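# Architecture and fold: a report
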Amino acid sequence: MQKILLVEDDKRLQTLIRDELEEESYEIILASDGKQALTLLKEGPASIDLIIMDLRMPNMDGLDAIGHLLKARLNIPIIIHTAYSSYKNDPLAMAADAYVVKSHDLTELKSKIRELIGERA
């Protein structure tokens, strides 16, 4: 089963995305901010197949976390999933593998996941 690290501070959105992706047979690991995500990745980065990263979060935002991930050279695909299209041209955002603007319809997010890590396990 492919593992996805979902980095999202909104608990309701965490639940929605987790439930939808679990129905697609992905295993979801949750983090509420970039700092927590980096801690989880230090413990076992080889087990994560993809990261879905929000941008605006407390403690450490998504762009800072992406910067740390790039320095660590973990080579894990990253999808930025944010409500703000204005960050799309930020150099750190451009380093991500995909940029998806949040919507109640998760079709685009699911499509990008399949594109980056293949069909569900």
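Please read all numbers here as calculations on a predicted model, not as lab measurements.

Reading guide: rules and limits
- Residues numbered from 1 in each chain as written.
- Predicted model: local features only at pLDDT ≥ 70, side-chain atom pairs only at ≥ 80, totals over all residues.
- Heavy atoms only, no water.
- Phe/Tyr/Trp six-rings, centres within 6.5 Å; stacked < 30°, edge-to-face > 60°.
- Buried < 20%, exposed > 50% of the residue type's maximum accessible area, 1.4 Å probe, protein only.
- Lys NZ or Arg CZ within 6 Å of the ring centre and 35° of its normal.
- Salt bridge = Lys/Arg side-chain N within 4 Å of Asp/Glu carboxyl O.
- Helix = DSSP H or I, 4+ residues; strand = E, 2+ residues; numbered from the N terminus.

This part is about the packing of aromatic side chains. Counting across every chain of the model gives one aromatic pair. Ring centres 6.2 Å apart and planes at 85 degrees place the aromatic pair tyrosine 84 and tyrosine 87 in the edge-to-face group. Tyrosine 84 sits in the partly exposed class, given a relative accessible area of 33%. A cation over an aromatic ring shows up here: arginine 56 above the ring of tyrosine 84, its NZ or CZ 4.1 Å from the ring centre.

Turning to the pattern of salt bridges, a few remarks are in order. What the rule picks out here adds up to seven salt bridges. With a closest N to O distance of 2.8 Å, lysine 102 and glutamate 8 form a salt bridge. With lysine 102 in the loop between strand 5 (98-101) and helix 5 (107-117) and glutamate 8 in the loop between strand 1 (3-7) and helix 1 (11-23), the pair connects residues that are 94 residues apart, well separated along the chain. Notably, a salt bridge pairs glutamate 115 with lysine 112, separated by 3.8 Å at the nearest N-O pair. Of this pair, glutamate 115 and lysine 112 are both found in helix 5, three residues apart, which corresponds to roughly one turn of the helix. The exposure class of glutamate 115 is exposed, given its relative accessible area of 55%. Shared partners join several salt bridges into a network, and the residues in it are Glu20, Glu24, Lys110 and Arg114.

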